[in-house]
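As a plain string of letters, each chain reads:
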Amino acid sequence: ALRSGGNDVSYFDVTVGQAHARRVELARNLEHAIARDELTLVMQPQLSADGRRLIGGEALLRWQTNGKFVSPAEFIPVAEESGLILEIGDWVLDRACQMTAHYRELGLTDLVIAINISPRQFMQEGFVERVNQVLETYQLPPSSIELEITESTIMDNEDGGMKMLQELKQLGVSLAIDDFGTGYSSLSYLKQFPVDKLKIDRSFIQSIDVSTDDQAIVLSLCQLAKNLNLSVLAEGVESQPQLDVLAQFNCDAIQGYFFSKPLADSDFINFSLRYLAD
Ligand code: C2E
Ligand code: CA
Ligand code: CA
Ligand code: CA
């Protein structure tokens, strides 16, 4: 409708312009998010594939500004681009460890809390030291947290990425490769990575109850993990039929709406205490 004459701005230019304006606005507001106390972490339970055991939870960031929630899928890339992710990521690390310490005080000592680490954060000077410092601040055994890092974060930094993983592993934290299957298929590298877990991306799980292609992919990912002595978690499990297929494949752990959506801190505590009691 906007392209009526040769000199008019095209619809494409308008939407690109709007998207740009939105990102600029988000970046501006995001700068004050920590100071204004607008960030929170929710916690999504992770269970054994038979549903009997609560393994831990993944800390997921939420940002409420001007009364509205902005999706992390929208603001994390903005934060990454502007560099604000370093400050935000540090806040996440601190808060997630504080929550972990609280869970431990309540007797939930077996839970492992997974924390998402952004590419820039991962390669930041002094990151390993920072993790060590936060663990000490909250008196946490390193094994009580797990850092989630994507394949591309590691691969984009070739030698540096491997060195970071080794240093983190030495610290004693658990390491998971997030969104596995969506990045480079660097299978030859995988065996060299000192990681503990693969998280199979939700895109492979979504249709696993009906798609034989996805079944073949996920089965081979599960077998690959087993052969490399890695634990394997399926993300985004929403139904019993999906769960049944995954159990058949000897997938170790499950995360998804079928068991629970990400929960506010106090709800996660109630959820966990109930599991501990049963
Ligand atoms: P992710 O790390 O892959 O996190 C899983 C996403 O899947 C979460 O979205 C979660 O709410 C959603 N999810 C979990 N189970 C289901 C399910 O059964 N069905 C469906 N449809 N979705 C499910 P969320 O919280 O919107 O986060 C989106 C992404 O934002 C995350 O993807 C992660 O890449 C990033 N992110 C979130 N929190 C942080 C953070 O603290 N730091 C960094 N660097 N990135 C974060
Ligand atoms: Ca994640
Ligand atoms: Ca993921
Ligand atoms: Ca994902």
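See the structure shown above.
Values in this document were obtained by computation on a predicted structure and should not be read as measured data. (Residues numbered from 1 in each chain as written. Chains lettered and ligands numbered in written order. Predicted model: local features only at pLDDT ≥ 70, side-chain atom pairs only at ≥ 80, totals over all residues. Heavy atoms only, no water.)

### Focus on the site of ligand 1
- By nearness alone, 20 residues border ligand 1, and Q44, L61, R62, E238 and Y257 come closest of all.
- D178 places a side-chain nitrogen or oxygen 3.2 Å from an oxygen atom of ligand 1.
- A distance of 3.1 Å separates a nitrogen atom of ligand 1 from a polar atom in the side chain of R202.
- When the free accessible area of ligand 1 is taken as 800 Å², the share hidden by the protein chains comes to 81%.
- Of the pockets mapped on this structure, ligand 1 occupies the largest pocket. (Near = heavy atom within 4 Å. Polar contact = N/O pair within 3.5 Å; in protein donor to acceptor, adjacent residues only side chain to side chain. Areas by Shrake-Rupley, 256 points an atom, 1.4 Å probe, with all protein chains shown as cover. 1 Å grid on protein atoms, 1.4 Å probe; cavity = no way out; pocket = protein on both sides within 12 Å on 5 of 7 lines; lining within 4 Å. Sits in = over half its atoms within 2 Å of the grid points.)

### With respect to the packing of aromatic side chains
- Evaluation of the coordinates by the stated rule reveals four aromatic pairs.
- For the pair W63 and F75, a centre-to-centre distance of 5.4 Å together with 75 degrees between the ring planes defines the contact as edge-to-face. In this pair, W63 is assigned in strand β2 (residues 54-65) and F75 in helix α2 (residues 72-82), connecting sequence segments 12 residues apart. Each member of the pair W63 and F75 is classed as buried.
- Just above the ring of Y257 sits the side chain of K261; from NZ or CZ to the centre is 4.6 Å. (Phe/Tyr/Trp six-rings, centres within 6.5 Å; stacked < 30°, edge-to-face > 60°. Helix = DSSP H or I, 4+ residues; strand = E, 2+ residues; numbered from the N terminus. Buried < 20%, exposed > 50% of the residue type's maximum accessible area, 1.4 Å probe, protein only. Lys NZ or Arg CZ within 6 Å of the ring centre and 35° of its normal.)

### Notes on helix α5 (residues 127-137)
- Residues F127, V128, V131, V134 and L135 constitute the buried set of α5. One side of α5 carries all its buried residues, which in axial view fall inside an arc of 125 degrees. Turned more than 90 degrees away from the buried face of α5 sit E129, E136 and T137, all of them exposed.
- Backbone geometry just downstream of α5 places Q139 in the positive-phi region, at approximately 55 degrees. (Arc of directions from axis to C-beta.)

### Thoughts on the side chain of D178
- Within the element layout of this structure, D178 appears in strand β6 (residues 174-180).
- As a buried residue without a salt bridge, D178 has its nearest oppositely charged side chain in K199, at a separation of 4.5 Å.
- Leaving out residues up to four positions away in the same chain, D178 has contacts with N116, E148, I149, T150, E151, K199 and E235. (Lys, Arg positive; Asp, Glu negative; His and termini not counted. Salt bridge = Lys/Arg side-chain N within 4 Å of Asp/Glu carboxyl O. Contact = heavy atoms within 4.5 Å.)

### So, the coordination of the calcium ion (ligand 3)
- For the calcium ion (ligand 3), every protein donor is listed as D178 (OD), D179 (OD), E235 (OE) and E235 (OE), and the spread of their distances is 2.2 to 2.5 Å.
- Separating the calcium ion (ligand 3) and the calcium ion (ligand 2) is a distance of 3.7 Å, and D178 donates to both of them.
- By relative accessible area, D179 is classed as partly exposed at 24%. (Donors = N, O, S within 2.8 Å, 3.2 Å for Na, K, Ca; no water.)

### A word on the layout of surface pockets
- What the largest pocket holds in volume is close to 1,000 Å³.
- What lines the largest pocket is a set of 36 residues, among which E58, L60, P72, N116 and D178 lie closest to the centre.
- Among the elements of the structure, β1 (39-48), β2, α2, α3 (85-105), α4 (119-122), β5 (145-150) and β6 are those that each provide at least two residues to the lining of the largest pocket.
- For the lining of the largest pocket, the class distribution of residues is 15 nonpolar, 11 polar and 10 charged.
- In this structure, the second largest pocket is lined by R52, R53, L54, I55, L108, T109, D110, L111, S272, Y275, L276 and D278.
- Every element with two or more residues in the lining of the second largest pocket is listed here: β2 and α12 (265-277).
- Looking at the lining of the second largest pocket, the element that brings in the most residues is α12, giving three residues.
- Each residue belonging to the lining of the second largest pocket can be placed in one class, and the counts come to six nonpolar, two polar and four charged. (Points joined across faces, edges and corners; volume = space filled by probe spheres on them. Nonpolar A, V, L, I, M, F, W, Y, C, P; charged D, E, K, R; others polar.)

### What about the pattern of salt bridges?
- Per the stated rule, a full pass over the model turns up 10 salt bridges.
- Across the pair E58 and K199 runs a salt bridge, and its minimum N-O distance is 2.9 Å. You can see E58 sitting in strand β2 and its partner K199 sitting in strand β7 (residues 197-200), a full 141 residues away along the chain. Accessibility classification places E58 together with K199 in one group, the buried group.
- Sharing partners across several salt bridges, the network here consists of E58, E148, K199 and E235.

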